[in-house]
Amino acid sequence: MAEASVEFLLQNLKDLLLYNAHLILDVKEQVNSLYKNIDLFKALLKDAANIRNKNQFLKTTMNQIRDVVYRAEDIIDRFVTESAARKAQGRIKKTLKKIGHTRTLLNVGKDIESISAEVKRIHDDKKEHIIRALQQEGEGFAGIPKKREAPIVEEENVVGFKDEAEKIIKLLTKGSEELEVISVVGMPGLGKTTLAKMIFRDPTIKYEFYNRVWVFVSQEYSRKDVFLNILRHFDPPSDNMYRMDDEELAEKLCRVLEKEKYIIFMDDVWSNEAWDGLKIAFPDKKNGSRILLTTRMKTVARHAKRNLEPHDLRFLDDKESWELLKWKALHSKECPEELEGDGKHIAIQCKGLPLAIVVIGGILRDNNNEIHWWKNVAKRVDAYIVLDQVKTMANFIEMSFNHLPYHLKACFLYFGMFPEDFQIPVWKLVRQWIAEGFIQEIEGISLEDRAEEYLEDLVNRNLVMVGERRSNGKIKTCHVHDMLHVFCRMQAAEENFFHEIKQFDPSKYSPSDHEWQKHRRLCIHSCVYSYLSSKPIGPNVRSFLCFSSDDFDLPPADISSISGNFELLRVLDGKAIHFPRFPNDLTELIHLRYLVLSCHFKILPETFSRLWNLQTVIVQTTSRTLEVKADIWKMMRLRHLKTNSNTSSSLPVPLPANKSTNTEGSLINGNVRTLSTISPQSCTQDIFARIPNLKKLGIRGPLANLLNSFDSVGKLDHLENLKLLNDVHPKPSSEGKIARFPQKYQFPPKLNKLTLENTRLDWKHMSTLGMLDSLEILKLRDYAFDGERWQAEDGGFRVLKVLQIGRTNLVTWVASARHFPRLKSLYLRHCSNLGEVPLGFADVSSLQLIDLHRTTKSAAASAMKIRDQQTNKGREFKLSIFPPDQVQ
């Protein structure tokens, strides 16, 4: 990605020159010259990126630019690494290495000058040719109007599958009480997953099968992962479950499923062997359980159920194709008259293949009012409809990819690093994009918000699919279609964007192999231990992502295998790799920006603050507490510091500024957005004054003293998400009850989400929470409140949308519509004494969901009355009750 590489290097050089010039002081002049020469390419590359795949000259030139930029980046990063290491050494070592360092300086200076000259030569030699190519090839591209805001396209807007869904739903809900396997068969892109998702969400299926689970299988599946994903529906996986082998997990899953009626949706099964390896976990208790299987292979479908013919998914007809194209291109059922003729022609030429229509619709959306653009697409679409379906889809996807703005191309290809069909948490994706340098900073907009805008753009172009949205409408998880995933991997290989390791074979690996040494990003899906044990060398690797489901402790002898062999890492996500002790060599990876560290230690040492580039730090430790001795106030790029839910972290108290070397303001870090979880002792005004832009805060420990004096938290003017977890020993009882609660004015003014646990507050304090002006989500986990009666008060919870109540001794809850006027979702968990859900909720017009989990039969009965009244008023309403036998 020449354009993305140039953008990142320019920003990196700029940061070095502005903020860390002391590290490149001896070569500053050469670096400044290189910056100016590379900057010459910026404007040309943005234009050339649109058409380079059509023009071999442009393609070759941009690859040449990319390679020279990579070389420049490697040289400078290595020099900065050495320079930082030298400054961290003692005086004696510095003296001994002075001669070698002088020689290094001369070499680096010459290398930078040589690359700078090469960059200028390429620019001078190729500039006129690039401009001429742009003029010749740009017709139809240069005239593309500026992008408009695309409408949001929801997954629920399915066209052409209603009759198909009705047939399959009937097969799933009627017939024999024996376990049945219903298969949906069709070619890639025909809509098997879309149809299955439509059925999965259907109210009839939800009512008939409380235990319904969706699981992706895919071509290179893992039995263990499949079984764990199904088990997650019933209970959060434990450490013991992760240690089980395939057979043990299959037995456990079988025991869980045989208790009640179930339906499993198995998406994208590729082989008979895959089905045979998985079916042993699905018991037949003759209670009407079902499995719906989607596959590209009819042989697999027939093998799974020999006496039942699979359901062949049909193509869309011309009318349905036109309806789908209108929705994807215009987000409307209507079409301007001047576009209708060309639009119908395009729809017909897509030959009823939904994915082709979706991709073309994404291209048209950006220009939906331009007649000439629709005419151009109508003329060209026939060229992409060929007998070779793989080539057809590759061409369609490439059209959409080439039409992306240059800043979105790297973001899109990054999806290929994740496993196929993997539901990607958006928080992870966004922070990795930022660490990779894909997100350009704009004044007034945070990097995280900017990255989420990029993601929404990709969704609106039909390149990324939304898995789940949050209650505020933002995307929670996402993924790409299989065909798009294949394209990302193919394009990435061509661009040397990343290298994928699925099954590592040590016999085929040679550290001296040039191909292995040129990789810049690695994503490893299995055999991580074997790979690290082979002493891999990745001198140019910037990202190391591990997706293995098999956790392991790294032997002491191999602790330095990552930091020692991948010295230029920017992104290290190695959750499956457990470090028995803190890897001291890790502090030499000064380019690290994103770090996920799994460990057994309880102290983050002082040397950790040498990683001054870090933006995101996630520490998963088996220790109950984590003491942060590192001076995080020196880590001025830090944005997110998070430890797992079983820990509480104590932060170092910021020292007063040294008047001779610093100012008070130099210790303020306006970048920090997340701290979770920290101890109450760390919640001081001195600490919070250093991080004024904090948005998410988690606090765990004895909370009584903190809640008595809440002013330090209340002064966090930008805080939106707050977790208060009262962790006292022994487990909370009446002695752990908190008597005093902050007043409304003591809470942060922008607080949008609040989570309480084990606080055992009196229900009267709910009136205080009801007065918080911005509170939309309130999660009362186990024992958050104590008392048998809650009388809601008027005027409260004016904007609350989501309410969750966990274990409590609540018996009587008195409330009506006026107490929760905007409530959308109500979740009750283990409220085993509750007499009923307030019937007044039937009058809450915004209410869409009530979810009861192990409450009481009387509570379930009242919820059913609310549902009946809501549906009688013509409102869409969902009711979920578990276990089913609570339904009277």
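Quick note: structure is the one above.
First things first, this report covers the structure right here in the doc.

The rules we used
- Residue numbers here run from 1 along each chain, matching the order of that chain's written sequence.
- Local features are withheld for residues below a pLDDT of 70 in this predicted model, meaning they are given only at 70 or higher, and side-chain atom pairs are given and counted only at 80 or more; totals for whole chains, interfaces and linings count all residues.
- The side-chain values count all of the structure's non-hydrogen atoms but skip hydrogen atoms and water molecules.
- Geometry of aromatic contacts follows a simple scheme: Phe, Tyr and Trp rings, the Trp one being its six-membered ring, pair when their centres are within 6.5 Å, and the pair is stacked under 30 degrees between planes, edge-to-face over 60, tilted otherwise.
- Partly exposed residues are those whose accessible area sits between 20% and 50% of the maximum for their type, while under 20% is buried and over 50% is exposed, using a 1.4 Å probe and protein chains only.
- Helix and strand assignments follow DSSP, with helices taken as H or I runs no shorter than four residues and strands as E runs no shorter than two, numbered in order from the N terminus.
- Whether a charge lies above a ring is judged from NZ of Lys or CZ of Arg, which has to be within 6 Å of the ring centre and within 35 degrees of the ring normal.
- Polar contact is defined as a pair of N or O atoms within 3.5 Å, subject to the rule that within protein one atom must be able to donate a hydrogen and the other to accept it, and that residues adjacent in sequence are counted only when both atoms are side-chain atoms.
- In this analysis, two residues are considered to be in contact whenever any of their non-hydrogen atoms come within 4.5 Å of each other.

1. Things to note about the packing of aromatic side chains
Scanning all chains against the criterion turns up 30 aromatic pairs. When the centroid spacing of 6.2 Å and the interplanar angle of 65° are considered together, the rings of Phe497 and Phe498 count as edge-to-face. One exposure class covers both Phe497 and Phe498, and it is buried. For the ring pair Trp813 and Phe841, a centre distance of 5.4 Å and an interplane angle of 80° mean the geometry is edge-to-face. Within this pair, whereas Trp813 is found in strand 29 (residues 812-814), its partner Phe841 is found in the loop between strand 30 (825-829) and strand 31 (849-853), the two being separated by 28 residues in sequence. We note that Trp813, like Phe841, is buried. Connected via pairs of aromatic rings, a cluster forms that spans Tyr414, Phe418, Phe422, Phe438, Phe497, Phe498 and Phe547. A cation over a ring is seen here: Arg212 above Phe200, with NZ or CZ 4.2 Å from the ring centre. Note that Lys642 overlies the ring of Trp427, its terminal NZ or CZ placed 5.5 Å from the centroid.

2. Quick look at the side chain of Thr759
Looking at where Thr759 falls in the secondary structure, it is placed in the loop between strand 23 (753-757) and strand 24 (761-762). Given the relative accessible area of 1%, Thr759 is considered buried. Separated by 2.7 Å, the side chain of Thr759 and the backbone oxygen of Ala784 make a polar contact.

3. With respect to the environment of Asp342
Along the chain, Asp342 turns up in helix 16 (residues 337-349). Accessibility expressed as a relative area gives 16% for Asp342, which makes it buried. On a C-alpha basis, the gap between Asp342 and Ala378 in space is 5.8 Å, while along the polypeptide they are 36 residues apart. Residues in contact with Asp342, not counting those within four places in the same chain, are Trp374, Lys375 and Ala378. Side chain to side chain, Asp342 and Lys375 meet in a polar contact 3.3 Å long.

4. Things to note about unusual backbone geometry
At the junction of Ser676 and Thr677, the peptide bond is cis and its omega measures out at -10° in the coordinates. Looking at the secondary structure, you find Thr677 in strand 20 (residues 674-678). Residues Phe882 and Pro883 are joined by a peptide bond in cis, for which omega reads 0°. The residue Pro883 is located in the segment after strand 32 (878-882) in this model.

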